[in-house]
Amino acid sequence: MKKFSFKGGIHIHGTNAKKALTTNSQIIIPKDPEYLYLPLNQQLGKPSKPVVAVGDQIKAGQLIAEKDGGFSANIHAPVSGIIEHIDYMINEPTGQLSKSIVIKNDFSNLEVDYITRSSEEAMKLTPKNLVDIMEEAGLVGLGGATFPTPVKYSGSKKCDAVVINGIECEPYNTADYVIMKNHCKEIIRGLKYMMMASGASKGYICIEDNKMDAYEEFRQSLTGDTDILVALFKEKYPQGAEKQLISALLNKEVPYGGLPIDIGVIVNNVGTAKALCDAVELGKPLTHHYLTVTGNIENPANYYVPIGILFQDLLKEDELNRNNVLLAGGLMMGKTMYTEMTPVTKGINAIILLEDLPKVGPELPCVRCSSCVDSCPAFLSPTTLAQLVKNNKFDELGDYGLVACIECGTCSYVCPSHIPLLDYIRHGKLELRRRS
Amino acid sequence: MENKMRKVTYSPFAHSGNSVNKAMLDVIIALVPVIFASILFFRMSSVLVLLTTTASAVTFEYISRLVLKRYNSCQDLSAVVTGLILGLTLPPNTPLLLAILGSLISIVVVKQLFGGIGNNVFNPAASGRAFLLIAFSVPLTKWVNPITSTYVDATTSATPLSLVKTVMLNIKGGDLDAAKTAYNLISSDAWNLIKLLFTGEVAGSLGETSALAIIIGLIYLIVKKRIHTEIVASYIGSAFVVAAILSFAYDLGPLFPLISILAGGLLFGAVFMATDWVTSPMTKKGRIIFGIGLGILTIIIRTFSNFPEGVVFSILIMNMSTPLIDRYTSNKIFGKVKVQSNEKK
């Protein structure tokens, strides 16, 4: 069986590989919280504009903030209740203070009337209809980048292939795996709608070889289908990075600073495919998603949560007290939260509590072992870039390919001299952005 | 709970646990079979030389860091590795004062004055060895046979390499008949010689005689992923090819290339000196070029210079060209491709 893989990368194992904590856990649907906090700045692009006012009675699924311009997304209420505040009152997971809509849950579970479609009706939709549905449902990329999905499908460039990314190479996360195991059919239908919307003739579903049961399930569900190929990938980090994924799968490189559509490919996460299927067939907007809650806690599990629930509502008090590090996103590319009063947004697919940061020694001189060069998925020389930043030679960074860095953290992870290579590279990126 | 202070930093929040001193420890473990073989064959002289070079290397490292007002770098074990490797390249019965002098050159001049680990241009052990060979060539070319030796030439204690060198010198002098006579001396008992070279029961530098011990060390380093195998492979491969060309050109028979590789310090240099992280190129392509350069230079120096051994000199020359190789062999950055416009028709 052919296994795809990109060049470079690392195998994360030992104490850092903790997918097993949650792979077989049951899916937990938490009790709806009394207050939900929905930041308006949940997506890449402009913050949404509120369309409700304080005191308004709203139903679950109702539009509460609409997209502001093309590069933005709609936000819907996950529960029914009353709008309590619309103000700057909470930090979103990126750390920014963001205007948020606060909903007080009335626990009446009133829902708006969703427009449902049968599969046959859905198959007759035009690409324009599908893009409208994506926009209406507030779809964004659920892999973590929160790129507004309709933007990918409404461009002027021709698309040949849609790639569904079910790799999930982050060492703690299993939310995508849970989606694939439970919603195989929906993901396939979602992919078909994506192919319809983009006009692509080929579809790919990419799965890493540590999720063989999901792979087999997709294979069986797709027997006889010639348009969609289920591709098996070697377990490696960062296999799920979209540009590396495309180069492994289709042997084509996305140009420097460009987007996959520049070479006729659209990549979407499995979660996005499932959300599109729900939006098309059930008329449901994106208000809930899967989330891995794991780490040094009693019951690591996958949760199906409303967007806007606070981290605090998913974790126990003693767990929060005995752990010093709260991560949102993932072990390799996530962010640390300074407070558990942070809402789950569309882009958060894991919450990890760790007792402490990894104990690494002090930064020592580079010994030119070339671990970072050999494992960099963008084929850069991280140590050279870091050296340039240390010496304030920012002008030369461009020549060494700074833009190609995907900030996967592989270099910092492997460095035997404990040099925070990625921190230096980020500093270089910031400095260049400041100068331009 | 409200006031719980959380640790906030940037990703990634994990580390492989790899560290320089773990890597150095692995090199030391890989050297154990070689050290064991050298003690087996040369007994006390081996123990004394190795202890002297290692202890003096660590001492010099400590003192120079103190004088240079830098953090103490002894715990990264790189000085131990340098001391051991230097000791293993010296002949048995090397005067201990010379061994200390070799450590001084390696650690103080070549390593610490350039800025310590990571900043040295030349391989410290190779430079120390080269200095001693040039400055004190008489004591440094006095060989003794292993205690357990059964090799025919026990009285003269000629090293296999010096036999090869006699062949080479005659080739260089244009006396092909003499070259063949000299070679016949080796080839008459070639398989026996190869066997002895493999186990190490021949005269030679402390750690360089036993191919078997070096290969065990190599396998350990490969398993532990501490070694750039491209360097070892391209070095040995290219040396073999060049020796084969010479052998073909001067009709020296099919076993000559094999003897060239097993004799002298080529194998030891390829596994423990050329693969030094600090002084070898950083990309795969670069490392292959580096190894090929080493192989060609080693055989050329062995054949056409007055020194019997070319390994340390070729390593130093290639160390010098490492920055140049790095510059021209950098990886093609992801996404630097030409693309056609993909607009919808």
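Procedures and definitions
- Throughout this description, residue numbers start from 1 for each chain and increase along the sequence as written.
- To label them, take the chains in the order written and letter them from A, then take the ligands in the order written and number them from 1.
- Only residues with pLDDT of at least 70 are given local features in this predicted model, and only at 80 or more are side-chain atom pairs given and counted; all residues enter the totals for whole chains, interfaces and linings.
- No hydrogens and no water enter the side-chain calculation; it runs on all heavy atoms of the structure.
- When the centres of two rings from Phe, Tyr and Trp lie within 6.5 Å, Trp using its six-membered ring, the rings pair. Their planes under 30 degrees apart give stacked, over 60 give edge-to-face, and anything left gives tilted.
- Every helix listed is a DSSP run of H or I at least four residues long, and every strand listed is a run of E at least two residues long, numbered separately from the N terminus.
- Burial classes follow relative accessibility: with a 1.4 Å probe on protein chains only, a residue under 20% of its type's maximum area counts as buried, one over 50% as exposed, and anything between as partly exposed.
- Only strands that DSSP links by at least two bridges are regarded as paired with each other.
- Between N-to-C directions, angles span 0 to 180 degrees; the directions come from axes that are lines fitted to C-alpha atoms, helices contributing only their stretch in contact.
- Excluding any residue in a salt bridge, patches collect residues exceeding 30% relative accessible area, merging like charges within 9 Å and nonpolar Val, Leu, Ile, Met, Phe, Trp and Tyr side chains within 5 Å.
- The Shrake-Rupley method, run with a 1.4 Å probe, gives the accessible areas here. Residue values count only the displayed protein chains as cover.
- Basic side-chain nitrogens of Lys or Arg form a salt bridge, by our definition, when they fall within 4 Å of a carboxyl oxygen of Asp or Glu.

Visitor: Would you take a moment to explain the packing of aromatic side chains for this structure?
Guide: A ring pair, where both rings are aromatic, is described by two values, the distance of the centres and the angle of the planes. Residue and element names in this part refer to chain B. One pass over the structure, following the stated rule, counts 6 aromatic pairs over all chains. Here Phe268 and Phe272 contribute two aromatic rings whose centre-to-centre distance is 5.2 Å and whose plane-to-plane angle is 40 degrees, an arrangement assigned as tilted. Placement of both Phe268 and Phe272 in helix α11 (residues 266-273) is noted, with a separation of 4 residues, approximately one turn of the helix. The exposure class of Phe268 is buried, given its relative accessible area of 0%.

Visitor: Teacher, can you tell me more about the sheet that holds strand β12 (residues 265-269) of chain A here?
Guide: Backbone hydrogen bonds are what pair the strands of a sheet, in a parallel or an antiparallel way. Residue and element names in this part refer to chain A. Taken in spatial order, the 4 strands of this open sheet run β11-β10-β9-β12, and their pairing is parallel. What marks the edges here is a single partner per strand, and that holds for β11 (228-233) and β12. In this sheet, adjacent strand axes meet at a mean angle of 25 degrees when their direction is disregarded. Pairing of strand β9 (residues 161-166) with strand β10 (residues 202-208), which is carried by 6 bridges, proceeds in the parallel orientation. Across the sheet, Gly166 pairs through a bridge with Ile207, a residue of β10.

Visitor: Looking at this structure, how should I read a nonpolar patch on the surface?
Guide: Residues B:Phe198, B:Leu212, B:Ile215, B:Ile216, B:Ile219 and B:Val223 make up a contiguous nonpolar surface patch of about 510 Å² in total accessible area. The element that contributes the greatest number of residues to the nonpolar patch is helix α8 (residues 211-223) of chain B, accounting for 5 residues.

Visitor: Please explain the pairing of β12(A) as it appears in this structure.
Guide: A regular strand places its side chains on the two faces of the sheet in alternate fashion. Residues and elements named next belong to chain A. Burial analysis of β12 places 5 of its 5 residues in the buried class, the great majority of the element. Of the two faces of β12, both are covered, the one formed by Val265, Val267 and Asn269 as well as the one formed by Ile266 and Asn268. Pairing geometry for β9 and β12, over 5 bridges, is parallel. If you follow Asn165 over to β12, its bridge partner there is Asn269.

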